[in-house]
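# Geometric and topological summary
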Amino acid sequence: MNLVDPPPALAVSGVLAPLINPVFISDLHLAVERRTTLQRFFRFMQVDAPRYRELVILGDLFEFWIGDDAAPAAKPVISGLRQASASGQRVFLMHGNRDPLLGHDFASAAGATLLADPIVAEVAGTATLLSHGDVWCTRDVAYQQFRSMVRDAEFQRSFLAKPLDQRIAIAKSARMLSDTEKSIKAMDIMDVTPDAIDTALRDAGVRRIIHGHTHRPAMHEVDLDGARAERWVLPDWDFEGAVPRGGYLEFVEGRPRMVFFDD
Ligand code: LP5
Ligand code: MN
């Protein structure tokens, strides 16, 4: 980040023109060490993504991100996105809890637009609330405190001004602490809070949500004040283990359809 660019928290757009034929992905957790997942992403960008008019990434594209100036390893990913945007596809990027520091430089190199979280958009004809989803995990109080800190513009400015080795050390400590704490947290507090979802749907005046983060891919039905609403949760990607997984959400005749990779 240079001194004239806004910190990532202030570099987002709060308006989104209607999405006509989008594909949604999230939680890829790309990293140099996650070679097979990285390869699957490149194949997705070559083979699958070009079928859609808009590519929407709802957070955690990267395993972790400590600033756009630390990005040389991400160059091939930027090129992949750039190819899509240069060919006329609209590319949107939302921050996740692993990459809230994706900034203006990354977005402009990729030809992508950073989106506010949450944001309402018309998606294949239906008003829809889009989010990474972590904001609705309200029972995870320790996490929400951490979230407020890393999403704060002043915190981001001072963190990004630190030397690279210090940022790497802090991010590694945060990852370790997070893994230790997660191992003792109850599963349900790491899911979205139903009341938070109801409130978000009501406030936005919509009946459909799409989000990632929880790694519980499915269409979850919501009973909202006696009427039906839908919460679509995107799959995370992991091609490193014995049982590879990943996928995306597309729209067929206006209806969402989850696609899981079978290769
Ligand atoms: O990431 P995931 O899915 O495994 O777990 C999340 C929550 N954890 C996090 C933390 C991230 O993994 C850390 C990665 C950050 C990289 C970006 C760098 C940005 C700057 C870093 C500045 C410190 O998001 C986890 C949730 C879980 O999702 C489910 O929702 O439970 O939340 C936690 O575990 C948070 C802990 O409860 C509190 C963590 C405190 C970390 C404090 C960091 C201070 C570091 C100081 C070190 C000197
Ligand atoms: Mn996440």
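Report follows, based on the coordinates.

Calculation criteria
Residues numbered from 1 in each chain as written. Chains lettered and ligands numbered in written order. Predicted model: local features only at pLDDT ≥ 70, side-chain atom pairs only at ≥ 80, totals over all residues. Heavy atoms only, no water. Helix = DSSP H or I, 4+ residues; strand = E, 2+ residues; numbered from the N terminus. Expected span 1.5 Å × (residues − 1). Buried < 20%, exposed > 50% of the residue type's maximum accessible area, 1.4 Å probe, protein only. Arc of directions from axis to C-beta. Contact = heavy atoms within 4.5 Å. Near = heavy atom within 4 Å. Polar contact = N/O pair within 3.5 Å; in protein donor to acceptor, adjacent residues only side chain to side chain. Areas by Shrake-Rupley, 256 points an atom, 1.4 Å probe, with all protein chains shown as cover. Pairing = 2+ DSSP bridges. Axes fitted to C-alpha atoms, helices over the stretch in contact; angles between N-to-C directions. Core = buried A, V, L, I, M, F, W, Y, C linked by side-chain atoms within 4.5 Å.

### A word on helix α6 (residues 164–184)
Between its first and last C-alpha atoms α6 spans 31 Å; for 21 residues at 1.5 Å apiece the expected length is 30 Å, and the two agree. Here α6 has its buried residues at R167, A171 and R175. Projected onto a plane normal to the axis of α6, the buried residues spread over an arc of 75° and lie on a single side. For α6, the exposed residues set more than 90 degrees away from the buried face come down to D165, M176, L177, T180, S183 and I184. On the buried face of α6, the contacting elements are α5 (153–160).

### Brief notes about the site of ligand 1
What surrounds ligand 1 is a group of 24 residues, the closest being R98, D140, E181, K182 and H213. Take S178: an N or O atom from its side chain is 2.9 Å from a nitrogen atom of ligand 1. E181 is positioned with one of its side-chain polar atoms (N or O) 2.6 Å from an oxygen atom of ligand 1. Notes on ligand 1: free accessible area 1,000 Å², of which the protein chains cover 86%.

### Some points on the sheet that holds strand β8 (residues 218–224)
Here we have 5 strands laid out as an open sheet, ordered β5-β6-β7-β9-β8, and mixed in their pairing. The two strands at the open ends of the sheet, each matched to only one other strand, are β5 (119–123) and β8. On average, adjacent strands in this sheet sit at an angle of 30° to one another, irrespective of strand direction. Contacts from helix α7 (residues 194–204) reach β5, β6 (126–131), β7 (208–211), β8 and β9 (227–233) within the one sheet, and its direction differs from that of β8 by about 75°.

### Quick word on the nonpolar core
Residues F41, F44, L55, L61, F62, L81 and F106 are the most contacted members of the largest nonpolar core, which totals 39 residues. Looking at this core, the elements that each hand over two or more residues are β1 (22–25), α1 (35–48), β2 (54–57), α2 (75–86), β3 (90–94), α3 (104–110), β4 (112–115) and α5. Dropping the residues within four chain positions of it, F44 is found in contact with V23, I25, A49, P50, L55, W237, Y248 and F261. Judged by nonpolar contacts, the second largest core, of 19 residues, contains F24, I119, W232 and L234.

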